[in-house]
Amino acid sequence: MRSTGRWFLRPPSPDAEARLFCLPYAGTGASSYRHWPSRVGDLEVCAMQPPGREGRVGEAPYETFDAFAEGAAEALRPHLDRPYALFGHCMGALLGHALAARLESLGVRRPSLLVVSSAKVPHEPPERRYRPPGPGLTGVFHPSMTDTQFAQEIQAVVDATGGGEVLPELMPLAVRVLRGDVEMCFRYTAPGPGPLTFPITTIGWTDDPETAPADMSRWNAYGTVRQRVLAGGKLTYLSAPTALIRLIDEEFTEAVTDTAPNGSGAAT
C-alpha cells in the first residue's frame, strides 16, 4: 500500500468547516493550484498530489484510473470527517469522477458536490473525447504529439501560472509526466454512465478549443446535474478567476443546504 502522507502539500486543517479536494490537470501536480485562494467560502482548498510528479516524482505513477481512485480514496479516508467537494479540470475532472464513484462504493462519507470542468463524459471513447492537435491550438493533448509539441504545451501551462521558462534540463521529465497522463487518459473508457447520488456541477468555457460548453450536457446521464458556462479558455481556471471561485462557493452552499435534514432535496 502506498503512503497516504504525501498526497497534500500541507495537511488539511482540522479547523476547516469543509474541504475542496482539487485534482490535477494532465502533466501537472498540486502546485498548479498555487494561485487559488486557501479558502473558497467555507471550503479549505486542498490540492491533491498523486505520485509520479513534482515532490513525488520518484514514485511510480498510476497507470489506470481505477488504481488512482483506489489509492486516492484511501488517502482521503482520514479527511472525510466533514462536508467536502471534489473539483477537477479536464483530466482532473475524469479523476474526480472516478474518485467520487470509488468513495460512494466504499460506503464512506460521500462528497456533497462534484465539480467537473472542461471534460467530456468518461464513457465516451477516447477518440471522441479528445481533439487531435492542429495549427494554432493550445490546451489540446494527444498521444500522436511529438515531444516538442508536448514541451510547447507544458510551457503554455507554466506561462499561464506565471512560472517563467522551464529549465531545459527539466523539460524531458515534464514531457514524460505529461505523456504518461495523456496515454492513461487514452486507455480509459468508463463502462457507462452510472448515476451518482450527489449533485454534479459542470463548467464549460466559452473559448475552450477542445470541449465546447454544449459537450458538458452529456454529464446529465450521471445524476443530478447543474450546467454552468464561464468566460475563458482551457487554462483560465489556473488563475482562479473570481467568477469560478464564486460559482464553486455558491454551488457548494446550495448543495449542502439542499441535502441538510431541513433542506428541500437535491439540486435541479
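Structure: above.
Attention here is on the structure that accompanies the text.

Conventions we followed
Residues numbered from 1 in each chain as written. Predicted model: local features only at pLDDT ≥ 70, side-chain atom pairs only at ≥ 80, totals over all residues. Heavy atoms only, no water. Helix = DSSP H or I, 4+ residues; strand = E, 2+ residues; numbered from the N terminus. Rg over C-alpha atoms; globule rule 2.2 N^0.38 Å. Buried < 20%, exposed > 50% of the residue type's maximum accessible area, 1.4 Å probe, protein only. Salt bridge = Lys/Arg side-chain N within 4 Å of Asp/Glu carboxyl O. 1 Å grid on protein atoms, 1.4 Å probe; cavity = no way out; pocket = protein on both sides within 12 Å on 5 of 7 lines; lining within 4 Å. Points joined across faces, edges and corners; volume = space filled by probe spheres on them. Nonpolar A, V, L, I, M, F, W, Y, C, P; charged D, E, K, R; others polar. Core = buried A, V, L, I, M, F, W, Y, C linked by side-chain atoms within 4.5 Å. Contact = heavy atoms within 4.5 Å. Pairing = 2+ DSSP bridges. Axes fitted to C-alpha atoms, helices over the stretch in contact; angles between N-to-C directions. Phe/Tyr/Trp six-rings, centres within 6.5 Å; stacked < 30°, edge-to-face > 60°. Lys NZ or Arg CZ within 6 Å of the ring centre and 35° of its normal. Parallel < 35°, antiparallel > 145°, perpendicular 65-115°, else oblique.

1. Details of the overall build of the protein
Point 1. The secondary structure content of the protein amounts to six helices and seven strands.
Point 2. A compact globule built from 268 residues should have a C-alpha radius of gyration of about 18 Å, and the protein, at 17 Å, falls within 12% of that.
Point 3. Summarising its shape, the C-alpha atoms of the protein cover approximately 55 × 40 × 35 Å along the three principal directions.
Point 4. Counting only residues that meet the buried cut, the protein has 52% of its 268 residues in that class.

2. Description of the pattern of salt bridges
Point 1. According to the stated counting rule, one finds 16 salt bridges in the structure shown.
Point 2. As a salt-bridge pair, Lys 120 and Asp 215 come within 4.0 Å of each other at their nearest N and O atoms. One end of the pair, Lys 120, is in the loop between β5 (113-117) and α3 (126-129); the other, Asp 215, is in the loop between β6 (200-205) and β7 (225-230), with 95 residues separating them in the sequence.
Point 3. Among the ionic pairs, Glu 251 bridges to Arg 226, the shortest N-O distance being 2.8 Å. Highlighted residues: Glu 251 in helix α6 (residues 242-259) and Arg 226 in strand β7, separated in sequence by 25 residues.
Point 4. Taking relative accessible area as the criterion, Glu 251 reaches 6% and is therefore assigned buried.
Point 5. Its relative accessible area of 13% is what places Arg 226 among the buried residues.
Point 6. A network of salt bridges, in which partner residues are shared, links Arg 19, Glu 44, Asp 81 and Arg 82.

3. Thoughts on empty space enclosed by the protein
Point 1. Taken as a whole, this structure holds four cavities of 30 Å³ or more when the rule is applied.
Point 2. In this structure, the largest cavity spans a volume of roughly 80 Å³.
Point 3. Secondary-structure elements contributing two or more residues to the lining of the largest cavity are α2 (91-106) and α5 (171-186).
Point 4. Looking at the lining of the largest cavity, its residues break down into eight nonpolar, no polar and two charged.

4. What to know about the nonpolar core
Soluble globular proteins tend to bury their nonpolar side chains together.
Point 1. Within the largest apolar cluster, 84 residues are counted, with the highest numbers of intra-cluster contacts made by Leu 20, Trp 36 and Phe 87.
Point 2. Among the elements that take part in this core, α2 stands out by supplying eight residues, more than any other.
Point 3. In contact with Phe 87, not counting residues within four places along its chain, are Leu 20, Phe 21, Cys 22, Leu 23, Tyr 33, Trp 36, Val 115, Ser 117, Ile 203, Tyr 237, Leu 244 and Ile 248.

5. Overview of the layout of surface pockets
Point 1. By volume, the largest pocket amounts to about 550 Å³.
Point 2. Forming the boundary of the largest pocket are 26 residues, of which Gly 27, Glu 54, Ile 154, Val 158 and Ala 174 lie nearest the centre.

6. Structural notes on the sheet that holds β5
Point 1. The seven strands lie next to each other as β2-β3-β1-β4-β5-β6-β7, forming an open sheet whose pairing is mixed. Both edges of this open sheet fall to β2 (39-40) and β7, since each of them pairs with a single strand only.
Point 2. Judged from the two bridges that link them, β2 and strand β3 (residues 43-47) form a sheet pairing that is antiparallel. Note on β3: the bridge partner recorded for Val 40 is Leu 43.
Point 3. Along the sheet face, α2 touches β1 (18-23), β4 (84-89) and β5 and points at about 145 degrees away from the line of β4.

7. Looking at the packing of aromatic side chains
Point 1. Scanning the entire structure with this criterion turns up 15 aromatic pairs.
Point 2. Centre to centre, the rings of Phe 65 and Tyr 188 are 4.0 Å apart; their planes meet at 15 degrees, and the pair counts as stacked. Of this pair, Phe 65 sits in helix α1 (residues 65-76) while Tyr 188 sits in the loop between α5 and β6, and the two are 123 residues apart along the sequence. With respect to burial, Phe 65 and Tyr 188 carry one shared label: buried.
Point 3. For the ring pair Phe 87 and Tyr 237, a centre distance of 6.4 Å and an interplane angle of 40 degrees mean the geometry is tilted. Of this pair, Phe 87 sits in strand β4 while Tyr 237 sits in the loop between β7 and α6, and the two are 150 residues apart along the sequence. Residue Phe 87 shares its accessibility class with Tyr 237, and that shared class is buried.
Point 4. Each residue in the set Tyr 25, Tyr 33, Trp 36, Phe 87, Phe 141 and Tyr 237 is aromatic and connected to the rest through ring pairs, giving one cluster.
Point 5. The ring centre of Trp 7 lies 5.0 Å from the NZ or CZ of Arg 56, which sits over that ring.

8. Section: the packing of helix α4 (residues 147-160) against α5
Point 1. Close contact between α4 and α5 brings their axes to 9 Å; oriented N to C, the two are set at 95 degrees. Comparing their axes, α5 and α4 come out roughly perpendicular. Judged by residue contacts, Asp 147, Phe 150, Ala 151, Ile 154 and Gln 155 of α4 engage Met 171, Ala 174, Val 175, Leu 178, Arg 179 and Val 182 from α5.
Point 2. Of the residues contributing to the contact of α4 with α5, the split by class is eight nonpolar, one polar and two charged.

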